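# Descriptive structure summary
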Amino acid sequence: MLLSALSFSLMGVCVKQVGARIPAAEVVLARALLSVALSWWLLRRADIDPWGRRRGLLIVRGAIGTLALLCVYVALAALPLASATVLQYLYPTFTALLAWLALGERIGRRVLAAMAVGWLGVLLVAQPALLLGGIGRAAPSLPLIPVLIALAGALCTALAYVSVRQLGRSEHPLVIVFYFPLVAVPLSLPLVALDPVMPTPVELLWLVGVGLFTQLGQVWLTRGLTALPAATATAISYAQVVFAGLWGWLIFQEGIDGWTLLGAALVLLATLLSLSGRSGAGGRSASPG
């Protein structure tokens, strides 16, 4: 999960490098094409049947994951890297709730409290000036539409992660990873056809980076999610917020104000509450056998 967090943070750097000119759907398509090739090679190398058993759910997971990617890429291009990552990391509380509804993993008062704390953290990151009524030196509010898109991405991410937990009972992690880009290609192609942009050679390298780091992140993420309870795995991956803040500062000269730090701390607290509130859920029984 830590390697996955590092890979996804580097993916965010690559997306931000091309996001000002290349549409999000085209970034998704480029990522999917590279990932299909890499996944197929890994499956053949491991001598694993690529088509899986629960093909309907595999396709649904791929569709939800594609929608999540579109939202995440749009948010990364439009928002500061650290802020976009913090908003995305509301998904552990969504995951805990959905895992309870769909998988029967227990949920308690701490998880409910975590959801309230997490949403407060998101509000601090997104709208500090509105919350404080303009008092003092409140930082400017983030644009509303990208914030809503980022939150939609967090919800879709949670749905995709819960489906991975379900699929982990019968499918090999590489099969789950393979279906994601396999479904993303036909879903993103019509959107790319509406607004095609020819990437420059440098942008092409960044797009390859998106595909490579996403593939690595997906492989490690899927292995973590199929071996750990959903809330445990997603709590560990919160390290991505730290990586994103570091890259935003070093590469994009993005400052991190006090409200973003406070909001990030609250979202982290919500994640830890989700973990501690579900520590006895017995999620390992869902590991692939």
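Residues numbered from 1 in each chain as written. Predicted model: local features only at pLDDT ≥ 70, side-chain atom pairs only at ≥ 80, totals over all residues. Heavy atoms only, no water.

### Side note on the packing of helix 1 (residues 2-18) against helix 3 (residues 55-78)
Selection rule: Where helices are involved, their axes are fitted lines through C-alpha atoms of the stretch in contact, as for all axes, and angles between N-to-C directions lie from 0 to 180°. A run of H or I in DSSP becomes a helix once it reaches four residues, and a run of E becomes a strand once it reaches two; helices and strands are each numbered from the N terminus. Each angle gets one of four labels, with under 35 degrees taken as roughly parallel, over 145 as roughly antiparallel, 65 to 115 as roughly perpendicular, and the rest as oblique. Should the near helix be turned anticlockwise from the far one by less than a right angle, the crossing is termed left-handed; should it be turned clockwise, right-handed. Between two residues, a contact is recorded if the distance between any of their heavy atoms is within 4.5 Å. Residues are grouped as follows: Ala, Val, Leu, Ile, Met, Phe, Trp, Tyr, Cys and Pro are nonpolar; Asp, Glu, Lys and Arg are charged; every other residue, Gly included, is polar.
Where helix 1 meets helix 3, the axes come as close as 8 Å, and the angle between the chain directions of the two elements is 65°. With respect to each other, helix 1 and helix 3 are oriented roughly perpendicular. When the axes of helix 1 and helix 3 are compared, the crossing they make is right-handed. Facing M11, G12, V15 and K16 of helix 1, the residues of helix 3 in contact are Y73, L76 and A77. Counted by class, the contact of helix 1 with helix 3 contains five nonpolar, one polar and one charged residues.

### A closer look at the confidence of the model for the protein chain
Let me state the cut-off plainly: As a per-residue measure, pLDDT tells how confident the predictor is, with possible values from 0 to 100.
Chain-level pLDDT for the protein chain is 82 on average; 87% of the residues reach the 70-or-more range. Ranking the helices and strands of the protein chain by mean pLDDT puts helix 3 first, with 94, and helix 7 (residues 128-132) last, with 52.

### Here's the deal with the environment of L97
How we decide: Here the term buried applies to any residue with accessible area under 20% of the maximum for its type, exposed to any over 50%, and partly exposed to those in between, with areas from a 1.4 Å probe on protein chains only.
Positionally, L97 belongs in helix 5 (residues 91-103). L97 sits in the partly exposed class, given a relative accessible area of 27%. Considered as a pair, L97 and V111 are 14 residues apart in the sequence and their alpha carbons are 7.9 Å apart.

### Topic: the packing of aromatic side chains
For clarity, the threshold we go by: The aromatic pairing rule takes the rings of Phe, Tyr and Trp, using the six-membered ring of Trp, and pairs them if the centres are within 6.5 Å, calling planes under 30 degrees apart stacked, those over 60 edge-to-face and the rest tilted.
Scanning the entire structure with this criterion turns up four aromatic pairs. Relative to W51, the ring of W40 has its centre 6.2 Å away and its plane inclined at 55°; by these criteria the two rings are tilted. Residue W40 is located in helix 2 (residues 24-45), and its partner W51 is located in the loop between helix 2 and helix 3; the two are separated by eleven residues in the primary sequence. A relative accessible area of 36% places W40 in the partly exposed class. A ring pair is formed by W40 and F178, whose centres lie 5.8 Å apart and whose planes are at 50°; its orientation type is tilted. Taken together, the residues W40 in helix 2 and F178 in helix 9 (residues 173-194) connect sequence positions 138 residues apart. Here F178 falls in the buried class, since its relative accessible area comes to 2%.

### Brief notes about the side chain of K16
Positionally, K16 belongs in helix 1. The exposure class of K16 is buried, given its relative accessible area of 16%. The residues touching K16, leaving out its near neighbours within four places in the chain, are L76, A77, L79, P80, L81, F252 and E254.

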